[in-house]
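# Analysis of the macromolecular model
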Amino acid sequence: FDSARGYGNGAAEQILGRAVKGCREKVVIASKVVHCPPEKATEAIEASLRDLDTDYVDLYICHWPRPSLSFEPFFEEMQRQKEAGKIRAIGVSNFSRIQLEEAMAFGDIVSLQPPYSLLWRHVEADAMPVCAAKGLSILAYSPMAQGILTGKFGPDHQFKRGDNRRANRLFQEPVFTRVQDALAALQPIADRHTITLGQLALAWVIAQPGACAIAGARNAAQARENAQAGALSLPP
């Protein structure tokens, strides 16, 4: 399960903590904190442990880098927390190749969490080669490009106020029409495998070397549908 301190100011971690109570050892929990001074990182980790009602977080991730702050004290503190057993592994999210290489000098980084999908592939030319060379996992977020790769959003769809997809250029012209053309080309591939467009998008991401997909779901049916993508094997 992927969570973060910033999701509802701890509310998401509290809900997750209640959900996995009694079966904590059967799940892997990742949470995130924004790059901050080391004392704030310690406070965030303690708050995560409290809200998740657990003694450790399997993967603790630097959610966003702040170029105005040095990486050294932050990641050295993360490393100390790892050695203390409060976090089991350290990851980063939204880091460029240069930022990733700098952070790796101060901590044992095991993963990068970038936006990555059929429609958003910048990481392939930036940090992914470093991850492959150093054995870091790619934890792809928005693998369905905020849902547009499911094919469920038509040209007249209106997002509610506060939905960040209102500002996403994938949902705006002239890009939106190009996305629809791409979906039309992908549909026969999905049909050939008897799967949905969303499952095809997920299967493509997890077929990339060293990559897995963080798939969101709004209900149990969507979670089951997403999970079925893990059994698919796409030809090159």
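In the block above lies the structure referred to throughout.
First, a word on scope: everything that follows refers to the structure included in this document. The structure displayed is predicted, hence computed values, not measured ones. (Residues numbered from 1 in each chain as written. Predicted model: local features only at pLDDT ≥ 70, side-chain atom pairs only at ≥ 80, totals over all residues. Heavy atoms only, no water.)

## Some thoughts on the packing of aromatic side chains
Under the definition given, this model contains six aromatic pairs. Between phenylalanine 74 and phenylalanine 75, the ring centres sit 4.9 Å apart and the planes meet at 85°, which makes this aromatic pair edge-to-face. A residue is classified by how much of its surface remains accessible, and phenylalanine 74, at 0% relative accessible area, is buried. Here phenylalanine 153 and phenylalanine 171 contribute two aromatic rings whose centre-to-centre distance is 5.6 Å and whose plane-to-plane angle is 85°, an arrangement assigned as edge-to-face. Highlighted residues: phenylalanine 153 in the loop between strand S5 (137-141) and helix H7 (175-192) and phenylalanine 171 in the loop between S5 and H7, separated in sequence by 18 residues. Taken together through their ring pairs, the aromatic side chains of Phe71, Phe74, Phe75 and Phe95 make up a single cluster. Positioned above the aromatic ring of tyrosine 56 is the side chain of arginine 24, whose terminal nitrogen or guanidinium carbon lies 4.2 Å from the ring centre. (Phe/Tyr/Trp six-rings, centres within 6.5 Å; stacked < 30°, edge-to-face > 60°. Buried < 20%, exposed > 50% of the residue type's maximum accessible area, 1.4 Å probe, protein only. Helix = DSSP H or I, 4+ residues; strand = E, 2+ residues; numbered from the N terminus. Lys NZ or Arg CZ within 6 Å of the ring centre and 35° of its normal.)

## Section: the environment of tryptophan 120
Within the secondary structure layout, tryptophan 120 lies in the loop between strand S4 (109-113) and helix H5 (122-125). Take tryptophan 120: its relative accessible area is 42%, and that puts it in the partly exposed class.

## What to know about the packing of helix H1 (residues 11-19) against helix H2 (residues 38-52)
Direction vectors running N to C along H1 and H2 enclose 40°, while the axes themselves pass 7 Å from each other. Classified by the interaxial angle, the pair formed by H1 and H2 is oblique. Across the interface between the two elements, Glu13, Gln14, Leu16 and Gly17 from H1 touch Ala47, Ser48, Asp51 and Leu52 from H2. Here the residues of the contact of H1 with H2 are counted per class, giving three nonpolar, three polar and two charged. (Axes fitted to C-alpha atoms, helices over the stretch in contact; angles between N-to-C directions. Parallel < 35°, antiparallel > 145°, perpendicular 65-115°, else oblique. Contact = heavy atoms within 4.5 Å. Nonpolar A, V, L, I, M, F, W, Y, C, P; charged D, E, K, R; others polar.)

## Digging into H2
Counted at 1.5 Å a residue, the expected span for H2 with its 15 residues is 21 Å, and the 21 Å between its end C-alpha atoms agrees. Within H2, burial applies to Ala41, Ala44, Ile45, Ala47, Ser48, Leu49, Asp51 and Leu52. Where H2 is buried, its residues contact H1, strand S1 (30-33), strand S2 (59-62) and helix H3 (71-83). Looking at the residues trailing H2, positive phi occurs at aspartate 53, about 55°. (Expected span 1.5 Å × (residues − 1).)

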